[in-house]
Amino acid sequence: MARHALFALLLGLGVTLAMPAGVADQGVAPNNDEYYELYKVLVDTIDQVDRNYVQNLSRREIVDAAIQGILEKLDPYSSYISPEEMTRFRDDVEHKFGGIGIQISMENGRLVVLSPLVGSPAYRAGLRAGDHIVSIEGESTEGITIDDAVKQLKGDAGTDVTLSVRHSGSSDPEEVTLTREVVAVETVLGDSRKPSDDWDWMLDRESGMGYIRLTAFSRETASDLRRALNELEDEGLNGLIIDLRFNPGGLLTSAIEICDMFIEEGRIVSTQGRNTPERTWEAKSPGTYSGFPMAILVNRYSASASEILSACLQDHDRAIVVGERTWGKGSVQNVVELEGGTSALKLTTASYQRPSGHNIHRFPDATEDDEWGVMPNDDYLIKFSPEEMRQLVLTRRDRDIVVYHGEEGEEAVAEEEESSDTEPSDTDDGEDSEDGEVTEEEEVDITFVDRQLEAAVEYIRSQLAGEASDDDFVIRRILTIESTCDETAAAVINERLEVLGATVATQHELHERFTGVVPEIASRAHVERILPVIDESLRQAGITLAEIDAVAVANTPGLAGSLLVGLSAAKALSVALDVPLLAINHLQAHIYACQMSASENVFPCVGLIVSGGHTSLYRCDDPLDFTLLGATIDDAAGEAFDKVASMLGLGYPGGPAIEKAAQAGDPKAYRLPRAMLNGEGGLDFSFSGLKTAVRYKIAPPGNVEFNQLSLEANEVANLAASFQEAVVDVLARKAKKALKESKLTTLCVGGGVAANAALRQRLTSDAKAAGHTLHIAPPSLCTDNAVMGAIAIERLKGGMTESLELDIVPGPVRR
Ligand code: KG4
Ligand code: ZN
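Small disclaimer: the values here were computed from a predicted structure and weren't measured. (Residues numbered from 1 in each chain as written. Chains lettered and ligands numbered in written order. Predicted model: local features only at pLDDT ≥ 70, side-chain atom pairs only at ≥ 80, totals over all residues. Heavy atoms only, no water.)

Peer 1: Tell me what's going on with a nonpolar patch on the surface, and back it up with residues and numbers.
Peer 2: Judged by side-chain polarity, Tyr35, Tyr36, Tyr39, Leu42 and Val43 come together as a nonpolar surface patch covering roughly 470 Å² of accessible area. The topology assignment puts Val43 in helix 3 (residues 33–52). A residue is classified by how much of its surface remains accessible, and Val43, at 40% relative accessible area, is partly exposed. (Patch = residues over 30% accessible without salt bridge, like charges linked within 9 Å, V, L, I, M, F, W, Y side chains within 5 Å. Areas by Shrake-Rupley, 256 points an atom, 1.4 Å probe, with all protein chains shown as cover. Salt bridge = Lys/Arg side-chain N within 4 Å of Asp/Glu carboxyl O. Helix = DSSP H or I, 4+ residues; strand = E, 2+ residues; numbered from the N terminus. Buried < 20%, exposed > 50% of the residue type's maximum accessible area, 1.4 Å probe, protein only.)

Peer 1: Just give me the short version of the site of ligand 1, but keep the residues and values in it.
Peer 2: Looking at ligand 1, there are 20 residues lining it, with Gly612, Gly613, Asp642, Glu659 and Asp784 nearest. At 3.1 Å, a side-chain N or O of Asn756 approaches a nitrogen atom of ligand 1. When the free accessible area of ligand 1 is taken as 550 Å², the share hidden by the protein chains comes to 90%. Breaking the shell around ligand 1 down by element, the ones donating at least two residues are helix 17 (586–597), helix 18 (637–647) and helix 19 (654–662). No other element matches helix 19, which puts 4 residues into the shell around ligand 1. (Near = heavy atom within 4 Å. Polar contact = N/O pair within 3.5 Å; in protein donor to acceptor, adjacent residues only side chain to side chain.)

Peer 1: Give a detailed account of the state of the cysteines, specifying residues and quantitative values.
Peer 2: This model, assessed by the stated rule, comprises 0 disulfides. As a non-bridged cysteine, Cys312 has Cys259 as the owner of its nearest cysteine sulfur, 3.8 Å distant. Relative accessible area serves as the criterion here: at 0%, Cys312 is assigned to the buried category. The cysteine Cys594 is free of any disulfide, with Cys748 supplying the nearest cysteine sulfur at 4.2 Å. (Disulfide = S-S within 2.5 Å.)

Peer 1: Hey, could you go over the coordination of the zinc ion (ligand 2) for me, with residue numbers and the actual values?
Peer 2: Geometrically, a metal with four donors at the corners of a regular tetrahedron has ideal angles of 109.5 degrees, and one with six donors at the corners of a regular octahedron has ideal angles of 90 or 180 degrees. Those protein atoms acting as donors to the zinc ion (ligand 2) are His586 (NE2), His590 (NE2) and Asp784 (OD), and they sit at 2.0 to 2.2 Å. Binding-site remark: the zinc ion (ligand 2) is held by donors from one chain whose sequence spacing is H-x3-H-x193-D. Of this pair, His590 sits in helix 17 while Asp784 sits in the loop between strand 33 (773–776) and helix 23 (791–797), and the two are 194 residues apart along the sequence. Per residue, the accessibility class of His590 equals that of Asp784, and both read buried. (Donors = N, O, S within 2.8 Å, 3.2 Å for Na, K, Ca; no water.)

Peer 1: Describe the sheet that holds strand 24 (residues 477–482), listing the residues and the values that go with them.
Peer 2: Taken in spatial order, the 5 strands make up an open sheet running 26-25-24-27-28, and their pairing is mixed. Edge positions in the sheet fall to strand 26 (499–506) and strand 28 (581–585), since each has one partner strand and no second. Taken over all neighbouring pairs, the strand axes of this sheet differ in orientation by 20° on average, direction set aside. Running over the sheet, helix 15 (residues 519–541) touches strand 24, strand 25 (487–494) and strand 26 and is turned about 155° from strand 26. (Pairing = 2+ DSSP bridges. Axes fitted to C-alpha atoms, helices over the stretch in contact; angles between N-to-C directions. Contact = heavy atoms within 4.5 Å.)

Peer 1: Pulling in residues and values, what's your account of the environment of Arg267?
Peer 2: Among the secondary structure elements, Arg267 is positioned in strand 16 (residues 267–273). Accessibility expressed as a relative area gives 32% for Arg267, which makes it partly exposed. Separated by 14 residues in the primary sequence, Arg267 and Trp281 have C-alpha atoms spaced 6.0 Å apart. The residues touching Arg267, leaving out its near neighbours within four places in the chain, are Glu278, Thr280, Trp281, Glu282, Cys312, His316 and Pro355.

Peer 1: Could you give me a rundown of helix 17, with the residues and numbers involved?
Peer 2: Counting along an α-helix, one turn takes 3.6 residues, and residues three or four places apart therefore face a common direction. In this model, helix 17 (12 residues) spans 18 Å end to end at C-alpha, consistent with the 16 Å of a helix rising 1.5 Å per residue. Of all 12 residues that make up helix 17, 11 are buried, and the element is covered over most of its length. Every buried residue of helix 17 is accounted for by His586, Leu587, Gln588, Ala589, His590, Ile591, Tyr592, Ala593, Cys594, Gln595 and Met596. For helix 17, the capping residue at the N-terminal end is Asn585, with a side-chain oxygen 2.9 Å from the backbone nitrogen of Leu587. (Expected span 1.5 Å × (residues − 1).)

Peer 1: I'd like a description of the packing of helix 21 (residues 713–742) against helix 22 (residues 757–770), backed by residues and values.
Peer 2: Packing of helix 21 against helix 22 brings their axes to within 10 Å, and their N-to-C directions diverge by 35°. Once helix 21 is placed against helix 22, the crossing between them reads as right-handed. Of the residues in helix 22, those touching helix 21 at Gln724, Val728, Asp729, Leu731, Ala732 and Arg733 are Ala758, Leu759, Arg762, Leu763 and Asp766. (Left-handed = near helix turned anticlockwise from the far one by under 90°.)

Peer 1: So what's going on with the pairing of strand 27 (residues 550–556)? Which residues, and what values?
Peer 2: For strand 27, a buried count of 7 out of 7 residues is recorded, marking the element as mostly surrounded by other parts of the structure. Sheet analysis places strand 24 next to strand 27, joined by 4 bridges and oriented parallel. Residue Thr480 lies in a different strand from strand 27, and its bridge partner there is Ala552. Both strand 27 and strand 28 contribute to a ladder of 5 bridges, which runs parallel. Residue Ala552 lies in a different strand from strand 28, and its bridge partner there is Leu582. With respect to chirality, the unit in which strand 27 leads through helix 16 (residues 560–577) into the neighbouring parallel strand 28 is right-handed. (Right-handed = clockwise from strand over helix to strand, strands pointing away.)

Peer 1: Give me the nonpolar core: which residues, what numbers.
Peer 2: The nonpolar side chains of a soluble globular protein tend to be buried, and buried together. Counting residues in hydrophobic clusters, the biggest one holds 82 residues, and the most contacted among them are Leu608, Val610, Phe687 and Phe723. Of all the elements, helix 21 adds the most residues to this core, at 14 residues. Setting aside anything within four residues of it in sequence, one finds Phe723 in contact with Ala640, Phe641, Val644, Ile658, Leu672, Leu690 and Val694. Counting 47 residues, the second-largest nonpolar core is a separate cluster that includes Leu237, Ala305, Leu313 and Tyr352. (Core = buried A, V, L, I, M, F, W, Y, C linked by side-chain atoms within 4.5 Å.)

Peer 1: I'd like a description of a negative patch on the surface, backed by residues and values.
Peer 2: A cluster of like negative charges, contributed by Asp365, Glu368, Asp369, Asp370 and Glu371, occupies part of the molecular surface. Looking at the secondary structure, you find Asp369 in the loop between strand 21 (343–353) and helix 11 (386–399). Looking at Asp369, the relative accessible area reads 76%, which means it is exposed. (Lys, Arg positive; Asp, Glu negative; His and termini not counted. Charge placed at Lys NZ, Arg CZ, Asp CG, Glu CD.)

Peer 1: Describe helix 4 (residues 59–72), naming the residues involved and giving the relevant values.
Peer 2: For helix 4, built from 14 residues, the straight-helix expectation of 20 Å at 1.5 Å per residue is met to within 8% by its first-to-last C-alpha distance of 20 Å. Along helix 4, the positions that sit buried rather than exposed are Ile62, Asp64, Ile67 and Leu71. The secondary structure elements touched by the buried residues of helix 4 are helix 3, strand 1 (79–81) and strand 21.

Peer 1: Tell me about the sheet that holds strand 33, and please be specific about residues and values.
Peer 2: Judged by pairing direction, the sheet is mixed, and its 5 strands sit side by side in the order 31-30-29-32-33 without closing on themselves. Strands at the two margins of the open sheet, each flanked by one partner only, are strand 31 (625–631) and strand 33. Direction aside, neighbouring strands of the sheet carry axes that sit 20° apart on average. Strand direction decides the pairing type here: strand 30 (residues 615–622) and strand 31, joined by 6 bridges, are antiparallel. For Cys620, the partnering residue across the bridge sits in strand 31 and is Phe626.

Peer 1: Break down the packing of aromatic side chains for me, with residues and values.
Peer 2: In the structure shown here, the tally under the stated rule is 12 aromatic pairs. Their ring planes at 85° and their centres at 5.9 Å tell us that Tyr380 and Tyr459 sit as a pair that is edge-to-face. A residue pair is termed long-range when its members are at least 10 positions apart, and Tyr380 in the loop between strand 21 and helix 11 and Tyr459 in helix 13 (residues 451–472) qualify at 79 residues. With relative accessibility at 13%, the residue Tyr459 sits in the buried group. Between the aromatic rings of Phe641 and Phe723, the centroid separation amounts to 5.1 Å while the plane-to-plane angle is 80°, which identifies the pairing as edge-to-face. Of this pair, Phe641 sits in helix 18 while Phe723 sits in helix 21, placing them 82 residues apart in sequence. Using a relative accessible area of 3% as the deciding quantity, one classes Phe641 as buried. The class for Phe723 is buried, based on a relative accessible area of 0%. Taken together, the ring pairs connect Tyr592, Phe603, Tyr618 and Phe626 into an aromatic cluster. Here the guanidinium or amino end of Arg318 rests over the ring plane of Phe292, the centre of that ring lying 4.7 Å away. The cationic tip of Arg325 hangs over the ring face of Trp372; the distance from NZ or CZ to the ring centre is 3.8 Å. (Phe/Tyr/Trp six-rings, centres within 6.5 Å; stacked < 30°, edge-to-face > 60°. Lys NZ or Arg CZ within 6 Å of the ring centre and 35° of its normal.)

Written as structure tokens, this is what we have:
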């Protein structure tokens, strides 16, 4: 048997493990009779084919075929390297195979430079992407194949090769003589390049977010990565994204060394083979890069060494994994020389285990439900469609463009250097499509969003934000804006729900003579008042706009024109200040007004909203989870107050006027209907019948000019009191029913009508009698205001920010 020599370099893309020779030698098959019996069958078969088969095959062919046959039975990662392939490998390694450092491609039958490698002989000589290589060593390249061209360009390091090159844009070819070098393929890449063509490792300099892409795990990868990390640390590294998408793996030793850079201690990985003892690698603390959050990007083509790195950092909670489930290659291959090195076996000899013990390897019969590969962390599984996958490759290639800085300052564009063909990956390898007309630039979709990268960035940002508030006690301040109906309001509130400033500009005087809100007048008034109201709130808070950390706006429900004024202002501020935009549901905010004055958490609760536009009951499990239980099917309670007040000649807004008039009246003077009680209507309300009943108490059927009527003062007082009593009775009884049905014991009440003293008294005595907890917003927070918009802080904490697509959702909420 041949000696087992290992040459990891040859493997390139399979994980290798240096196996002690002594141990490996024990792997020779057992010396027993059965073994020789079986072996004889194989020898006899070869002998029969050799002597008697109808066609003449060389012995070499037969033996090669026999070996191929055996290996076919094994996993897809085990293979036979024939003497022919072996020669190629050998040349590559032993002769320090040199090149000039370009990627080439065929375009319209011409040999062209796809990309120079930064720093290579070709790069230094000024070869650029798109250059046409007319001849190599005086021989025309017309009709040449890529393979032949590669053969002619490569050669021993230190030897020369002369090319005739026509630069794109010029007509005369230029002769260039280049000295071949050993060109190391870059495996550590950044997001974009600096003017010097070196990588800029920072993705976002302001926050100190680094981005490093590993395309393979080669001998140089770990040291190159260390250099990049040192540069990043000098520039103020606060968070790191490592992109392993499409990385097919490489050397086990490289993966281990890189894991060790990020964890202080504990298991990195262990391997176990049939004939090799279990080996475990532990992290050592010197040289660890720590103290910053990390995210690792993977996709379905991230394999072997990529899986070791992502699994290790995930198991140690050092990084979160973002993207897709990885390839699932949990095995280690050795290259074992045969016949003294004439041929070789690439053989799977061991499997590896991640620290958590979860299985990585995807066996041929594995299903989606089985455990294999590395799964992204919860909420970070983001699958790409085939088109997204293609766009990712194309846009990455564009980002990797090497800008040529010639002596005359000319600029040219070169394309990405790709490390090599990848084992599992079958993506575009940079070679031209058969259709030479289509250039890649045209295919790039400039609107493509790398959702996986965005999620990683978001994660790092949230970690940095969290750290900042823990470490530096930064309490975020939000500006809230309210313009849903006829009040223009703004407030500045901090995360602890402390109100730093609050302003409300009412428009009552503008709508008074119409005894109701006129939408067009309301929106015009908002336009005039919104900026002064914001300014006044900031002034009260003693801060400038620059000190605002988020902007929140009520975008539903309400009058369309009014809502738009607030939304536009909020969007403009969000963009100008570069702070998050948050949405406020005006009805939910009315309930949250209770939280603003409560000393304890008011959730979960039944929420009763009684305002000018709404009368609704909600089940409020928490500030982000409201379920509608019932709502008015016609008029809202406040609207009924306003209409009845108008009929009684009491002015606008009607609520406070009726409350005042009712003080002198007898609530039992008139019997008025209470709709939808006694079982019908569930938790819904109806107030239009009550309003009509009052109308007929005032005057008999027929046309009535209410402002011409002269009602007795005590009659007005009695009608106001009886009406108010009916509304209060219905609201109190429906609230009681909602509490009973929802089995909740807390009632929160908000909205303009909740300012009504009779309602407050009734609800207070009901709660006392039933033993329920009652929270009614303080009167100043019952009618529309921006303080109740503090509910947006809950969304800010939950990361529920809005894009600039945020729209208004006008109109009342009705059943
Ligand atoms: O919540 P709000 O300010 O605006 C809307 O979101 O609709 O509520 C305004 C309504 C008006 O209909 C007003 O008449 C009523 O609340 N309102 C009152 C009282 N104060 C305001 N209704 C009864 N009694 C009050 N004291
Ligand atoms: Zn309101």
